[in-house]
Amino acid sequence: MDTINLDPRYSTSNVPGKCIKCLAEQELNNCLLELLREEGDDKELAQRFEMLVSFLKSPESLKLRDEAERYLADGKQVTVSISLEDGQPKYELKINL
């Protein structure tokens, strides 16, 4: 299973931004649409969907959102990575300097 990377951005007058929650919800909706269009059983896509649902329900997502907002306010770029490690979801905040 691939890692899901979410790159939040602040909104400016020229560029609309999105928070981590909005990006995760957008990705979740895209997965749902793909699952509905799929003929057959796409286990990787279903797993991606489950990872996003798990992230959005997790208390850690709020903590990561707050932390990411703080770094964005300081002018830094951040990426939140969602992956599976030994069958368990793993969330990581990366600061891109």
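Heads up: the structure comes first, above all this text.
Throughout what follows, the structure given in this document is the object of discussion. (Residues numbered from 1 in each chain as written. Predicted model: local features only at pLDDT ≥ 70, side-chain atom pairs only at ≥ 80, totals over all residues. Heavy atoms only, no water.)

## Focus on the overall build of the protein chain
A count of helical and extended segments in the protein chain gives three helices and three strands. For the protein chain, the α and β elements follow one another from N to C terminus as β-α-α-α-β-β. For the protein chain, the spread of C-alpha atoms along the three principal axes comes to 45 × 35 × 20 Å. In the protein chain, which comprises 97 residues, the proportion classed as buried is 30%. At a minimum sequence separation of 6, the contacts of the protein chain that also span at least 24 residues come to 54%. A total of about 6500 Å² of accessible surface is found on the protein chain, and carbon and sulfur atoms cover 45% of it. Taking the 13 positively charged and 19 negatively charged side chains of the protein chain as two groups, their mean positions are separated by 6 Å. (Helix = DSSP H or I, 4+ residues; strand = E, 2+ residues; numbered from the N terminus. Buried < 20%, exposed > 50% of the residue type's maximum accessible area, 1.4 Å probe, protein only. Contact = heavy atoms within 4.5 Å. Areas by Shrake-Rupley, 256 points an atom, 1.4 Å probe, with all protein chains shown as cover. Lys, Arg positive; Asp, Glu negative; His and termini not counted. Charge placed at Lys NZ, Arg CZ, Asp CG, Glu CD.)

## Comments concerning the nonpolar core
Grouped together as the largest cluster of nonpolar side chains are 22 residues, with contacts concentrated most on L6, L52, F55, V80, I82 and L93. When residues of this core are traced back to their parent elements, those giving at least two are β1 (4–6), α1 (20–37), α2 (43–57), α3 (59–73), β2 (77–85) and β3 (88–96). Ranked by the residues each element gives to this core, the list is headed by α2, at six residues. Discounting residues that sit within four places of it in the chain, L6 has contacts with I20, L23, A24, F55, V78, T79, V80 and I82. (Core = buried A, V, L, I, M, F, W, Y, C linked by side-chain atoms within 4.5 Å.)

## So, the sheet that holds β3
As summarised here, the arrangement of the three strands in space is β1-β2-β3, forming an open sheet in which the pairing is antiparallel. What marks the edges here is a single partner per strand, and that holds for β1 and β3. On average, adjacent strands in this sheet sit at an angle of 20 degrees to one another, irrespective of strand direction. When β1 meets β2, the two strands line up antiparallel, connected through three bridges. Bridge pairing in β2 links N5 to S81. (Pairing = 2+ DSSP bridges. Axes fitted to C-alpha atoms, helices over the stretch in contact; angles between N-to-C directions.)

## A word on the pattern of salt bridges
Tallying each qualifying case throughout the model produces four salt bridges. We note a salt bridge from K21 to E25, for which the minimum N-O separation is 4.0 Å. In this pair, K21 and E25 are both assigned in helix α1, four residues apart and thus about one turn of the helix distant. The class for K21 is partly exposed, based on a relative accessible area of 36%. Given the relative accessible area of 33%, E25 is considered partly exposed. As a salt-bridge pair, E27 and R48 come within 2.9 Å of each other at their nearest N and O atoms. With a gap of 21 residues between them, E27 in helix α1 and R48 in helix α2 connect regions that are remote in the sequence. (Salt bridge = Lys/Arg side-chain N within 4 Å of Asp/Glu carboxyl O.)

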